[in-house]
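Each chain, written out:
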Amino acid sequence: MREISSGTIQEAVYRAISRMSYHCDSKVTLALSEALNTETNELARDALQSILQNHKLSPETSIPLCQDTGSTVVFAEIGAHFHLTGQSLPELINAAVRRAQKDCPLRASTVADPLFERNNRGDNTPAIIHIEYVEGDKIRLLIAQKGGGAENMSFMKMLSPALGAEGIIDFVCEGVLAAGSRPCPPLILGIGIGSNFEGAPLLAKKALFEPFGRAHPDLRYRQMESEITKRINTLGCGVQGFGGSCTVLATHILQAPCHIASLPVAVNLQCHAHRHSEVII
Amino acid sequence: MKDFRISLPLSSAEISYLHPNDKVLLSGTVYTARDEAHKRMIAMLKEGVQLPFELSETAIFYCGPSPAAAGMICGAIGPTTSSRMDPFTPELLKAGLRVMIGKGERSPETEQEIKAAGALYLIAIGGISAVLSQSIVSCETFLWESLGAEAVFKMELKDFPCYVGIV
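Conventions adopted
Residues numbered from 1 in each chain as written. Chains lettered and ligands numbered in written order. Predicted model: local features only at pLDDT ≥ 70, side-chain atom pairs only at ≥ 80, totals over all residues. Heavy atoms only, no water. Phe/Tyr/Trp six-rings, centres within 6.5 Å; stacked < 30°, edge-to-face > 60°. Helix = DSSP H or I, 4+ residues; strand = E, 2+ residues; numbered from the N terminus. Buried < 20%, exposed > 50% of the residue type's maximum accessible area, 1.4 Å probe, protein only. Contact = heavy atoms within 4.5 Å. Buried area = accessible area lost by both parts, 1.4 Å probe. Salt bridge = Lys/Arg side-chain N within 4 Å of Asp/Glu carboxyl O. Polar contact = N/O pair within 3.5 Å; in protein donor to acceptor, adjacent residues only side chain to side chain. Nonpolar A, V, L, I, M, F, W, Y, C, P; charged D, E, K, R; others polar. Core = buried A, V, L, I, M, F, W, Y, C linked by side-chain atoms within 4.5 Å. Domains from an automatic or database assignment. Pairing = 2+ DSSP bridges. Axes fitted to C-alpha atoms, helices over the stretch in contact; angles between N-to-C directions.

1. Notes on the packing of aromatic side chains
Right, so step 1: Tallying each qualifying case throughout the model produces eight aromatic pairs over all chains.
Right, so step 2: Aromatic side chains F155(A) and F171(A) sit 5.3 Å apart centroid to centroid with 80 degrees between the ring planes, which places their arrangement in the edge-to-face category. In this pair, F155(A) is assigned in strand β6 (residues 155-159) and F171(A) in helix α6 (residues 164-179), connecting sequence segments 16 residues apart. The two residues F155(A) and F171(A) agree in class, both being buried.
Right, so step 3: A ring pair is formed by F4(B) and Y17(B), whose centres lie 5.9 Å apart and whose planes are at 85 degrees; its orientation type is edge-to-face.

2. Examining the interface of chain B and chain A
A common way to state how big an interface is: give the accessible area lost once the parts meet.
Right, so step 1: Taken together, the 37 residues of chain B in the interface contact 33 residues of chain A.
Right, so step 2: Summed over both partners, the interface of chain B with chain A comes to about 2700 Å²; 60% of that surface belongs to carbon and sulfur atoms.
Right, so step 3: The interface formed by chain B and chain A contains two salt bridges.
Right, so step 4: At the boundary of chain B and chain A, one finds 15 residue pairs in polar contact (both at pLDDT 80 or more).
Right, so step 5: Of all the elements, helix α5 (residues 129-133) of chain B adds the most residues to the side of chain B that touches chain A, at four residues.
Right, so step 6: Taken together, the residues of the side of chain B that touches chain A sort by class into 19 nonpolar, 14 polar and four charged.

3. Digging into the nonpolar core
Right, so step 1: Judged by nonpolar contacts, the single largest core of 79 residues is most densely connected at V24(B), L26(B), I101(B), L122(B) and F160(B).
Right, so step 2: When residues of this core are assigned to their parent elements, the largest contribution, eight residues, is made by strand β7 (residues 152-166) of chain B.
Right, so step 3: Discounting chain neighbours no more than four positions away, the residues touching F160(B) are V24(B), L25(B), L26(B), F61(B), I77(B), I101(B), A124(B), L132(B), S135(B) and I136(B).
Right, so step 4: If you look at the next biggest cluster of nonpolar residues, it comprises 28 residues, including L187(A), L189(A), I191(A) and M224(A).

4. Remarks on the domain arrangement of chain A
Residues and elements named next belong to chain A.
Right, so step 1: For chain A, the assigned domains read domain 1 (2-21 + 65-146) and domain 2 (149-274).
Right, so step 2: Averaged C-alpha coordinates put domain 1 and domain 2 at centres separated by 25 Å.
Right, so step 3: Contact residues are listed per partner, giving 11 residues for domain 1 and 12 residues for domain 2.
Right, so step 4: A buried area of about 890 Å², summed over both sides, lies between domain 1 and domain 2, and 69% of it is on carbon and sulfur atoms.
Right, so step 5: On the domain 1 side of the contact with domain 2, F75, L142 and K146 bury the most area, a combined 59% of that side's loss.
Right, so step 6: E151 is the salt-bridge partner of K146, the closest N and O atoms lying 2.9 Å from each other.
Right, so step 7: At the junction of domain 1 with domain 2, the criterion picks out four residue pairs in polar contact (both at pLDDT 80 or more).
Right, so step 8: At the level of elements, β2 (71-79), β4 (128-134) and β5 (139-146) are the ones that each hand at least two residues to the side of domain 1 that touches domain 2.
Right, so step 9: Among the elements that line the side of domain 1 that touches domain 2, the one with the most residues is β5, at four residues.
Right, so step 10: Of the residues in the side of domain 1 that touches domain 2, the class split is six nonpolar, one polar and four charged.

5. Brief notes about the pairing of strand β2 (residues 23-32) of chain B
Both faces of the sheet carry side chains from a regular strand, because those side chains alternate between them.
All names here are of chain B.
Right, so step 1: The element β2 is extensively covered by neighbouring structure, given that eight of its 10 residues are classed as buried.
Right, so step 2: Pairing geometry for strand β1 (residues 3-7) and β2, over five bridges, is parallel. Note on β2: the bridge partner recorded for R5 is L25.
Right, so step 3: With eight bridges joining them, β2 and β7 adopt antiparallel strand pairing. Looking across to β7, one finds that V24 is bridged to C162.

6. Considerations on the sheet that holds strand β10 (residues 276-280) of chain A
Residue and element names in this part refer to chain A.
Right, so step 1: Ordered in space as β4-β2-β5-β10, the four strands form an open sheet in which the pairing is mixed. The open sheet is flanked by β4 and β10, the only strands paired with a single partner. Strand-to-strand, the axes of this sheet are offset by a mean angle of 15 degrees, without reference to chain direction.
Right, so step 2: One ladder, built from seven bridges, connects β2 with β4; its direction is parallel. What sits directly across from G79, in β4, is V134.

7. Quick look at the sheet that holds strand β8 (residues 248-258) of chain A
Picture the strands of a sheet paired through backbone hydrogen bonds; they go either parallel or antiparallel.
All names here are of chain A.
Right, so step 1: One open sheet holds the four strands; their spatial order is β6-β9-β7-β8, and the pairing between them is mixed. Of all the strands in the sheet, just β6 and β8 have a single pairing partner and so form its edges. The average undirected angle you get between the axes of adjacent strands in this sheet is 15 degrees.
Right, so step 2: By the bridge criterion, six bridges tie strand β7 (residues 187-195) to strand β9 (residues 263-270) in an arrangement that is antiparallel. Pairing of I191 across the sheet is with V267, part of β9.
Right, so step 3: Helix α7 (residues 199-207) contacts β6, β7, β8 and β9 of the sheet and is inclined by roughly 145 degrees relative to β7.

8. Thoughts on α7(A)
Right, so step 1: Counting buried residues along α7(A), seven of its nine residues qualify, which places the element largely inside the surrounding structure.
Right, so step 2: Every buried residue belonging to α7(A) is among G199(A), A200(A), L203(A), A204(A), K205(A), K206(A) and A207(A), and all of these are buried.

9. Considerations on the pattern of salt bridges
Right, so step 1: Overall, the coordinates contain 26 salt bridges over all chains when judged by the stated rule.
Right, so step 2: Here K56(A) and E60(A) are joined by a salt bridge, their closest N and O atoms 3.5 Å apart. Highlighted residues: K56(A) and E60(A), both in helix α3 (residues 42-61), separated by four residues, approximately one helical turn. Like E60(A), K56(A) is exposed.
Right, so step 3: Between E91(B) and K94(B) there is a salt bridge, and its shortest N-O distance comes to 3.7 Å. Placement of both E91(B) and K94(B) in helix α3 (residues 89-94) is noted, with a separation of three residues, approximately one turn of the helix.
Right, so step 4: Residue E91(B) is classed as partly exposed on the basis of its relative accessible area, which comes to 31%.
Right, so step 5: Connected via shared salt-bridge partners are E77(A), E132(A), R140(A), K206(A) and E278(A).

Shown next, in the form of structure tokens:
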């Protein structure tokens, strides 16, 4: 059994949240630069230049990438031989969230009740945490600061299995195009296919943590990923809805077994301020 | 794409000179308002209570800033999705509002209302807070501080970059 104190993990989570609030994934920056090279729409080019300038200015000025500094989402994979001492995992994650909100400072964006009063909790807790047990003696934490705009335009549906790959591609493209500029394109698409009613959205969210622009190991899914990106960019609303050919930067699919009657599909949209990171201890 | 440098308050003539997709560098005093602040402003107007600022002379910026770090003028500044404010917009236009700043499309009905009122909807780019913050001269909580990021903030803008969405 490998013992690690909760303080060590809390510090790592705190640092990850603080860092990603000001530093965009360098692969996303690169993809945006490449998009600027090929984009011909004048307004879209202007917006891309501003986004790239923001990636440079944010760490320099210590002003977060976006005023919606996000809600914290954590996928924790805990090794069977990993033992946490001190605080529980949710306690230490929420302590890190609270510290980052205060120290950076980040925007307090969480209300206590979703419907009545909607009083702001003031510290961004609770983080949304998913725990999984795996082999080994390590802990792997996938941490995101997820903005509300792209989250609001995300969608899922229980499709009929008869619709197949083409049906899924149509469903995804229609949904993303209907979202228009509200999720802040250029986007990254996380798509979950299979599992069940609650499982597909979790796969979609987790797909956003796949290394940016990675190709799916299964050729059939890889072709779906590139077809979705290509089709949306042909028909799409472009950077911030200004037109042009850059609505989607990358599409990541994750799939899982499902019931014989079902074909669950969920699409989690991610804005260009992609704030995802991985901590392994 | 034409570039214009304009200052609030805007006259009808100045607004009529603008076209969709023009780039605008906006200066002047604006007030932020999101969902909850809109609800409260509409409630005040319905009760016949005067708003503490003149709607016709300013702009409503759909924005919930992040807190300013010590020694900074402001935190992260940027637009939120405008369509959430569509249900409140006709009332505010009636009360004199002429300029709105946000991101994304408006409903077809709201678009008509904005055009009919001779008003102006400006689009700011989402997710470029460090860039936009360079155009903030001052930022202070103005109303309903307990709402946190959803409070009304009074901001002084200098050459704040945005684009004409609806005019």
